[in-house]
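# Coordinates in review
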Amino acid sequence: DTEVTQTPKHLVMGMTNKKSLKCEQHMGHRAMYWYKQKAKKPPELMFVYSYEKLSINESVPSRFSPECPNSSLLNLHLHALQPEDSALYLCASSQGAPATFFGQGTRLTVV
Amino acid sequence: GNSVTQMEGPVTLSEEAFLTINCTYTATGYPSLFWYVQYPGEGLQLLLKATKADDKGSNKGFEATYRKETTSFHLEKGSVQVSDSAVYFCALSFLQKLVFGQGTRLTINP
């Protein structure tokens, strides 16, 4: 099973809402990632968790709050987002280097 | 620093044509190299990878060879199909990060 599962697939939220994106993998990978992808651009790294600890935060605004409850799950909590935060949010996982497997993404629209 | 430069797109070909998408990289050390494919409305799928110089990655008829002397990892396919229409990203792995090229949109016409 080489699958990374993300929910929901689509999300529309207002600027005052709080919502969460969820990601799950059962490949035993110990590194999990959040990427943000704007239209017609490559993915940009947001956060990396390694062995359930946050190891990289690419200077992401605090309105994005990651959480890794266990080695299989990764959440991204969203609060007070702006319309420019609308994008495809991709979760990924890997076991050391080098391969990284991506989920299908959550398409987020902030209104 | 580490960076990836991809052939400018979009690229439009006829079915059964030969495909090359150029990718060159700049890196400190010896990164692993990847090609990812993204179909419309979907996430990224790992297409192939190479972890050291002269390695050839291959999958689904696509190939790419890690060329250290030219710092390149060009993607090739001998005969493309309509179903190959997608965006292709070249990437390198540095520490825990993937560094992507800008992507090349490929359209195959029947």
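Structure: above.
Residues numbered from 1 in each chain as written. Chains lettered and ligands numbered in written order. Predicted model: local features only at pLDDT ≥ 70, side-chain atom pairs only at ≥ 80, totals over all residues. Heavy atoms only, no water.

### Examining the packing of aromatic side chains
Aromatic rings in a pair are described by how distant their centres are and how their planes are angled relative to each other. Counting across every chain of the model gives 11 aromatic pairs over all chains. With a centroid separation of 6.0 Å and an interplanar angle of 80°, the aromatic rings of Phe89(B) and Phe100(B) are classed as edge-to-face. Pair noted here: Phe89(B) is in strand 10 (residues 86-94) and Phe100(B) is in strand 11 (residues 97-100), with a separation of 11 residues, a long-range link. With a relative accessible area of 9%, Phe100(B) lands in the buried category. By way of ring pairs, the aromatic residues Tyr33(A), Tyr35(A), Phe102(A), Phe34(B), Tyr36(B), Phe89(B) and Phe100(B) are connected into one cluster. (Phe/Tyr/Trp six-rings, centres within 6.5 Å; stacked < 30°, edge-to-face > 60°. Helix = DSSP H or I, 4+ residues; strand = E, 2+ residues; numbered from the N terminus. Buried < 20%, exposed > 50% of the residue type's maximum accessible area, 1.4 Å probe, protein only.)

### Observations regarding the pattern of salt bridges
Scanning the entire structure with this criterion turns up seven salt bridges over all chains. With its nearest N and O atoms 3.1 Å apart, the salt bridge here joins Lys97(B) to Glu58(A). A residue pair is termed interchain when its members come from two chains, as with Lys97(B) in strand 11 and Glu58(A) in the loop between strand 6 (53-57) and strand 7 (64-70). Its salt-bridge partner being Lys77(B), residue Asp84(B) comes within 2.7 Å of it at the nearest N-O pair. (Salt bridge = Lys/Arg side-chain N within 4 Å of Asp/Glu carboxyl O.)

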